[in-house]
Amino acid sequence: MMLRIEEKLKILADAAKYDVSCSSSGSTRKNNGGIGDASASGICHTYTEDGRCVSLLKILLTNHCIYDCAFCVSRKSNDVKRAAFTVEEVVDLTMNFYRRNYIEGLFLSSGIFKDADFTMERMLRIVKKLRQEERYNGYIHFKTIPGASEELVKEAGLYVDRMSINLELPTEAGLKLVAPEKDHESVRKPLAYVNDQIESYKGEKKLIKHTPTFVPAGQSTQMVIGATPENDFEIMQVADDFYRNYKLKRVYYSGYIPINNGNSLLPQIGSIPPLVRENRLYQTDWLLRFYGFRLNEILNPQHTHLDLDIDPKLSWALRNPEFFPVDINTANFNAIIRIPGIGKQSALKIVQARKFGRLHAYQLQKMGIAYNRAKYFLHCADSPFILGHPSMEYVRAAILNEGNRKSRQQDSAGQLALF
């Protein structure tokens, strides 16, 4: 019996690794006398917003699926080992792993067997059993099944901390190429419904103190990048739309990893996953959410692809030389955070420190900014007076050369001896 569970766990945990949308910070679920506490720490195989690295049991309920999405390892035509947990097995695994301090929470997803409601009902039984019978108060991230009834979605939202539903491909046209049975409407509809319910419960909370929480850590979604030919502008248009209309906590961008050569429309095995592009999309996402940039400043119909050699903030700065140099002793916070090499925390330090006097270059360097990059775009108390400014082509080349020099130094240093 134990060997059978171990085999299932190996199969279904491995199948779940392709889902990256498991950030979990933001839950406020308290321990009310049971087991676990989601408010004390975020739960996921990633870093939370405050820098903690945390873990969870990340599994599929089953990798059986009625769909044949060409990009998915669990598609029905793929020749892989199939398995399915029972409700009791998932509950027992979660509780036993938690008691042994192996995990801090549960990330539950599933392939779709029979139909959406049939699968969703079994996933719902798992989280209800954990909350009501096991009195488990730890973190639960729940992947909503596209096409499931609103009644099941609403009930699940009362027991879980975060819900997410994968958009799969950025555009409807791309989705129809590799997953003709699916559509974006089946994703947009539950996202809109859950968002409406979150707002409704928040409104009730102002009037009724003991109103139950509903998806306290919010919603997220995931897009596969590089499987279909969308450009970066199209991808970020979709993300920007979802942030504005559904108030998502995160959009995840997953570089497509070729898993078979069965579909000529997809990159084949041996193709390099677009990891640098994935990173640039995350950086763009960050600029939109936290740095006050508008999408058309970074990407637009005339500039549809991100520069893979430099980050999007530097790319914007090089295309907008009229904005610089920024005087860090007089500029406001919103202008300072647009300087390449200066993050939000460093910008806050600058604004606070200049109350005590004009800032010089050595002081900026002590604040932890990337001064070798930022120096081309700022003016401080001891900046030399020069006629004109270096061209942006020169600045780009200088920054890239500096980065290459540091890489060569790191490569030549090798592994340091321990003794």
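Within an unreviewed UniProt entry, the label attached to the protein reads Putative DNA modification/repair radical SAM protein, and the organism entered is Sphingobacterium haloxyli. We quote the UniProt Cofactor (unreviewed entry) comment for the protein here in full: "[4Fe-4S] cluster".

## Let's talk about the packing of helix α6 (residues 185–207) against helix α7 (residues 232–246)
In helix packing, the relevant descriptors are the interaxial angle and the interaxial distance, both defined with respect to the helix axes. α7 packs onto α6 with a crossing angle of 35° between their chain directions and a minimal axis gap of 10 Å. Mapping the contact onto sequence places Arg-188, Leu-191, Ala-192 and Asn-195 in α6 and Asp-241, Phe-242, Asn-245 and Tyr-246 in α7. Looking at the contact of α6 with α7 residue by residue, the class counts come to four nonpolar, two polar and two charged.

## Structural notes on the sheet that holds strand β4 (residues 105–109)
One open sheet accounts for six strands, arranged β3-β4-β5-β6-β7-β8; its pairing is parallel. In the strand order of this sheet, the two ends are held by β3 (57–60) and β8 (250–255), each with one partner. The sheet shows a mean angle of 20° between the axes of neighbouring strands, direction not considered. Inspection of the sheet shows β4 paired to strand β5 (residues 139–143) by four bridges, in the parallel sense. Paired with Phe-107 across the strands is His-141, a residue of β5. Against the sheet, α6 makes contact with β6 (162–164) and β7 (219–225), and its axis sits at roughly 155° relative to β7, the strand it touches most. Sitting on the sheet, helix α8 (residues 275–290) touches β7 and β8, and the angle it makes with β8 is about 165°.

## Things to note about the packing of aromatic side chains
Per the counting criterion, the structure on display carries 12 aromatic pairs. Ring centres of Tyr-201 and Phe-214 lie 5.1 Å apart, and the angle between their planes is 10°; on these two criteria the pair is classed as stacked. With a gap of 13 residues between them, Tyr-201 in helix α6 and Phe-214 in the loop between α6 and β7 connect regions that are remote in the sequence. The exposure classification of Tyr-201 matches that of Phe-214, with both residues buried. Measuring from ring centre to ring centre gives 5.9 Å for Trp-316 and Phe-324, while their planes differ by 75°; the resulting arrangement is edge-to-face. Judged by its relative accessible area of 10%, Phe-324 falls in the buried class.

## Concerning the pairing of β7
Burial within β7 is extensive, with seven of its seven residues counted as buried. In β7, alternate side chains face the same way, and those of Gln-219, Thr-221, Met-223 and Ile-225 on one face and Ser-220, Gln-222 and Val-224 on the other are all buried. Bridge analysis of β7 against β8 gives six bridges, and the strand direction is parallel. Within β8, the residue paired with Met-223 across the bridge is Tyr-253. Regarding the hand of the β-α-β motif, the stretch spanning β7, α7 and β8 is right-handed.

## Quick word on the nonpolar core
By size, the foremost hydrophobic cluster in this structure holds 57 residues, and its most contacted members are Met-223, Tyr-253, Ile-339, Ile-342, Leu-364, Phe-377 and Leu-378. Here this core gets eight residues from one element, more than from any other, and that element is α7. Counting contributing residues, this core receives three or more from each of domain 2 (167–177 + 206–308) and domain 3 (312–406). For Phe-377, the contacting residues outside a window of four places in its chain are Leu-314, Ala-317, Leu-318, Phe-324, Pro-325, Val-326, Ile-339, Pro-340, Met-392, Val-395 and Ile-399. In this structure, Leu-93, Ile-126, Val-127 and Ile-198 belong to the second largest nonpolar core, which totals 47 residues.

## A short note on the packing of helix α2 (residues 87–99) against helix α3 (residues 116–133)
Two elements in contact, α2 and α3, have axes separated by 9 Å at closest approach and are oriented at 40°. Between α2 and α3, the interaxial angle falls into the category oblique. In this structure, the crossing between α2 and α3 has a hand that is right-handed. In contact with Val-87, Glu-88, Val-90, Val-91, Thr-94 and Met-95 of α2, α3 contributes Arg-122, Arg-125, Ile-126, Lys-129 and Leu-130. The residue makeup of the contact of α2 with α3, split by class, is six nonpolar, one polar and four charged.

## Things to note about the pairing of β3
Residues Leu-57 and Ile-59 point to one face of β3 and Lys-58 and Leu-60 to the other, with burial holding for every one of them. Relative to β4, β3 is paired through four bridges, and the arrangement is parallel. Bridging from a neighbouring strand, Leu-57 pairs with Leu-106 of β4. Read as a crossover between parallel neighbours, the route from β3 over α2 to β4 is right-handed.

Rules behind the numbers
- Residues numbered from 1 in each chain as written.
- Predicted model: local features only at pLDDT ≥ 70, side-chain atom pairs only at ≥ 80, totals over all residues.
- Heavy atoms only, no water.
- UniProt positions renumbered as here; feature names shortened; annotations may be inferred.
- Axes fitted to C-alpha atoms, helices over the stretch in contact; angles between N-to-C directions.
- Helix = DSSP H or I, 4+ residues; strand = E, 2+ residues; numbered from the N terminus.
- Contact = heavy atoms within 4.5 Å.
- Nonpolar A, V, L, I, M, F, W, Y, C, P; charged D, E, K, R; others polar.
- Pairing = 2+ DSSP bridges.
- Phe/Tyr/Trp six-rings, centres within 6.5 Å; stacked < 30°, edge-to-face > 60°.
- Buried < 20%, exposed > 50% of the residue type's maximum accessible area, 1.4 Å probe, protein only.
- Right-handed = clockwise from strand over helix to strand, strands pointing away.
- Core = buried A, V, L, I, M, F, W, Y, C linked by side-chain atoms within 4.5 Å.
- Domains from an automatic or database assignment.
- Parallel < 35°, antiparallel > 145°, perpendicular 65-115°, else oblique.
- Left-handed = near helix turned anticlockwise from the far one by under 90°.

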